[in-house]
Amino acid sequence: MVVSTSTFAFNQMSSGYMKNSPKEMANMIFGLPRVSKELKKLEPYGYRVKNVLSLIQSDNDTDSIVYTSRRFQPYAESFSDHYAFVGPAVFSNVLPEKKKDRPLIYISMGTVINNRIDFYSKCIDALKNLNADVIISCGNAVNREELGALPNHIQVYPYVDQLAILAKADAFITHCGMNSVSESLYMAAPMVLYPQTSEQYAVARRVTEIGAGIMLEDDSSEGIRAAIQEILGNTAYGNAAAECSADFRACPGIVGAAKFIENAPHSSDGIDIIGELNKTNAKFQFLYWLIVIAAINLIGFLVSWKYVWIIGIAAGILSSPIGKAIQKRKYTGWTRSITHSRSQS
């Protein structure tokens, strides 16, 4: 079996990039029965799924293709040699070309949550007096007439050739879907990031970490205008996007992905960082609770048993963040060691 992963690869380290809202958590919980019902339809074909988590969480023993670069993947060193980071599946030979008379700004909210006439209207208001060309792709969910009369430099279409536009774009206001962000970086277009879901927040966070975009914290007309002016006025964003473009284009691509599948199964000779982290966490939890139990008994015998339950509750609350902090410290140490050994070889 070879797993094809269309977003980032997620394990216990990289899943920290996902911050689910209470609404998303509720939808996930109440949607489990329906998901389980759908999964049962796979059983006659010999595909048994233990639980939903097994579908979305990666492991270090299964050959997996990930459509991004190792550099862009969060916590990339925690994934074994069973992973092939082949880069985005972009079917275009177009190269970025940013030279033109004035900047080009592209706006799209993707193909799923694109019924945002309020947001498009604020973008138009924000950019109506800007000396730049603006292209908005809004899908069929928005009636073009609802946007009213537009300045000559702002054009609205249901669909566009996104790759061709991004190749020329100097700024991209995006919902941060993995595909849109990958295409933007492939075409060296820096971004104003406006994520709508937890997965999109994870992608947006990674873009900010590499310096190729900024979060749209204020989605008013003034906030949108300020964000665009920041991107256009600071070449660092474009340079970071161009660096990522070169990184993506150096990946093995779809040819490398096909070769990876044909040569499966693969072996992994490197250290299984996740396996080692799990062992570390198991040791920590054992020692941690041994100390907590000893402390409870000591205080109970020497002082009073009346309030020892507070220690137990506090210990329970603190065990997870302390454990995660220790894991991150161990991870940092291992990755430094791996990076050093690779540089030596």
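Only a predicted model underlies this, so the values are computations on that prediction, with no experimental measurement involved.

## Focus on the overall build of the chain
When you go through the chain residue by residue, the secondary structure sums to eleven helices and nine strands. In terms of its C-alpha atoms, the chain occupies a principal-axis envelope of roughly 80 × 55 × 50 Å. Every one of the 345 residues in the chain was classed for burial, and the buried ones make up 42%. Long-range contacts, defined here as pairs at least 24 residues apart, represent 66% of the contacts in the chain between residues at least 6 apart. Distance between charge centroids for the chain: 6 Å, based on 33 positive and 31 negative side chains.

## Regarding the sheet that holds strand β9 (residues 213-215)
Spatial ordering of the open sheet is given by β6-β5-β4-β7-β8-β9, a layout of six strands whose pairing is parallel. Among the strands making up the open sheet, the edge pair consists of β6 (154-157) and β9. Geometrically, the sheet is characterised by an average inter-axis angle of 15 degrees between neighbouring strands, direction not taken into account. Relative to strand β5 (residues 133-137), strand β4 (residues 104-108) runs parallel, the two being bridged by five bridges. Among the inter-strand pairings, Y106 is bridged to a residue of β5, identified as I135. Most of the contacts of helix α6 (residues 198-210) go to β9, to which it runs at about 130 degrees, and overall it touches β8 (191-193) and β9.

## Here's the deal with a nonpolar patch on the surface
On the surface, Y307, W309, I310, I313, I317, L318 and I322 cluster together into a nonpolar patch covering about 720 Å² of accessible area. Inspection of the secondary structure assignment puts I310 in helix α11 (residues 308-344).

## Here's the deal with the pattern of salt bridges
Under the criterion given, the structure shown has ten salt bridges. A salt bridge links E38 to K41, with the nearest nitrogen and oxygen atoms 3.3 Å apart. For E38, a relative accessible area of 42% translates into the label partly exposed. With its nearest N and O atoms 2.9 Å apart, the salt bridge here joins D133 to R102. Note that D133 is positioned in strand β5 and R102 in the loop between β3 (83-85) and β4, a separation of 31 residues in sequence. Its relative accessible area of 28% is what places R102 among the partly exposed residues.

## Things to note about unusual backbone geometry
Here the bond from A264 into P265 is cis, since omega is 0 degrees, no more than 30 degrees from zero. As for its placement among the helices and strands, P265 is situated in the loop between α9 (253-262) and α10 (273-302). Positioned with a positive phi, Y75 is a non-glycine residue whose angle comes to about 50 degrees. In this structure, A188 is a non-glycine residue whose phi angle is positive, near 60 degrees. Structurally, A188 can be placed in the loop between α5 (178-186) and β8. Given the relative accessible area of 12%, A188 is considered buried.

What counts, and where the lines are drawn
Residues numbered from 1 in each chain as written. Predicted model: local features only at pLDDT ≥ 70, side-chain atom pairs only at ≥ 80, totals over all residues. Heavy atoms only, no water. Helix = DSSP H or I, 4+ residues; strand = E, 2+ residues; numbered from the N terminus. Buried < 20%, exposed > 50% of the residue type's maximum accessible area, 1.4 Å probe, protein only. Contact = heavy atoms within 4.5 Å. Lys, Arg positive; Asp, Glu negative; His and termini not counted. Charge placed at Lys NZ, Arg CZ, Asp CG, Glu CD. Pairing = 2+ DSSP bridges. Axes fitted to C-alpha atoms, helices over the stretch in contact; angles between N-to-C directions. Patch = residues over 30% accessible without salt bridge, like charges linked within 9 Å, V, L, I, M, F, W, Y side chains within 5 Å. Areas by Shrake-Rupley, 256 points an atom, 1.4 Å probe, with all protein chains shown as cover. Salt bridge = Lys/Arg side-chain N within 4 Å of Asp/Glu carboxyl O.

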